[in-house]
Amino acid sequence: MDRITFKVNGELCSVSSEVDSDTTVLEYVRDTLKLHGTKFMCKEGGCGSCVVSATMPDPYTGGRRVVSINSCLVSITSCQDWEIKTIEGLGDRRTGYHPVQRALAEHSGTQCGYCSPGWVMSMYR
Ligand code: FES
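Residues numbered from 1 in each chain as written. Predicted model: local features only at pLDDT ≥ 70, side-chain atom pairs only at ≥ 80, totals over all residues. Heavy atoms only, no water.

(A) Seen up close, the pattern of salt bridges. Within this structure, the stated rule accounts for three salt bridges. A salt bridge links E83 to R64; its shortest N-O distance comes to 3.6 Å. With E83 in strand 5 (residues 83-85) and R64 in strand 4 (residues 64-70), the pair connects residues that are 19 residues apart, well separated along the chain. Looking at E83, the relative accessible area reads 40%, which means it is partly exposed. (Salt bridge = Lys/Arg side-chain N within 4 Å of Asp/Glu carboxyl O. Helix = DSSP H or I, 4+ residues; strand = E, 2+ residues; numbered from the N terminus. Buried < 20%, exposed > 50% of the residue type's maximum accessible area, 1.4 Å probe, protein only.)

Below, the structure written as structure tokens:
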């Protein structure tokens, strides 16, 4: 296998030797794909502002499973056959908001809003 292939918000992506092996999913979506909706603060798995959804092969069932991940902790080179969804892939004012986004906004659950995308992606999973 010479390239790692995966999807981000439905778009096929691949990486190889052009990225360092310690490049995180967070760095890839923000710096390479320019998807800045995924935020960061601690970069050590503590704050949750970087959470994205990932659908990945499940070696136990042979099927696929959907999990929320702290994108600051996961290497992009470990994402073979993953489907990653960021807050941009969930919904927006043009395409319509996801019910989780709408509920958070309607019930004033955003506070400053910085880490709201991570909350939404954790609840969406
Ligand atoms: Fe805080 Fe990832 S940046 S958990």
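From this point, the discussion proceeds with the structure in view.
(B) Expanded view of the layout of surface pockets. Taken as a whole, the largest pocket encloses approximately 190 Å³ of empty space. Considering the residues around the largest pocket, the lining is formed by I87, Y97, Q101, R102, L104, A105, T110, G113, S116, P117 and V120. Looking at the lining of the largest pocket, the element that brings in the most residues is helix 3 (residues 99-106), giving four residues. Split by residue class, the lining of the largest pocket holds six nonpolar, four polar and one charged. Its volume calculated, the second largest pocket comes out at about 150 Å³. Together, I87, E88, G91, D92, R93, R94 and Y97 line the second largest pocket. A breakdown of the residues in the lining of the second largest pocket according to their chemical character gives two nonpolar, one polar and four charged. (1 Å grid on protein atoms, 1.4 Å probe; cavity = no way out; pocket = protein on both sides within 12 Å on 5 of 7 lines; lining within 4 Å. Points joined across faces, edges and corners; volume = space filled by probe spheres on them. Nonpolar A, V, L, I, M, F, W, Y, C, P; charged D, E, K, R; others polar.)

(C) Here's a closer look at the pairing of strand 3 (residues 51-57). Counting buried residues along strand 3, six of its seven residues qualify, which places the element largely inside the surrounding structure. As judged from the seven bridges shared by strand 3 and strand 4, these two strands associate in the antiparallel manner. Considered in strand 4, the bridge of V52 is made with I69. Pairing of strand 3 with strand 5 involves three bridges; the strand directions are antiparallel. Note on strand 5: the bridge partner recorded for T55 is E83. (Pairing = 2+ DSSP bridges.)

(D) Summary view of the nonpolar core. Of all hydrophobic cores here, the largest spans 20 residues; its most connected members are F6, V25, I76, C79, W82 and I84. For this core, the secondary structure elements donating two or more residues are strand 1 (4-8), strand 2 (11-15), helix 1 (25-32), strand 3 and strand 4. The contact partners of V25, leaving out residues within four places of it in the chain, are V52, S71, V74, S75, I76, C79 and I84. (Core = buried A, V, L, I, M, F, W, Y, C linked by side-chain atoms within 4.5 Å. Contact = heavy atoms within 4.5 Å.)

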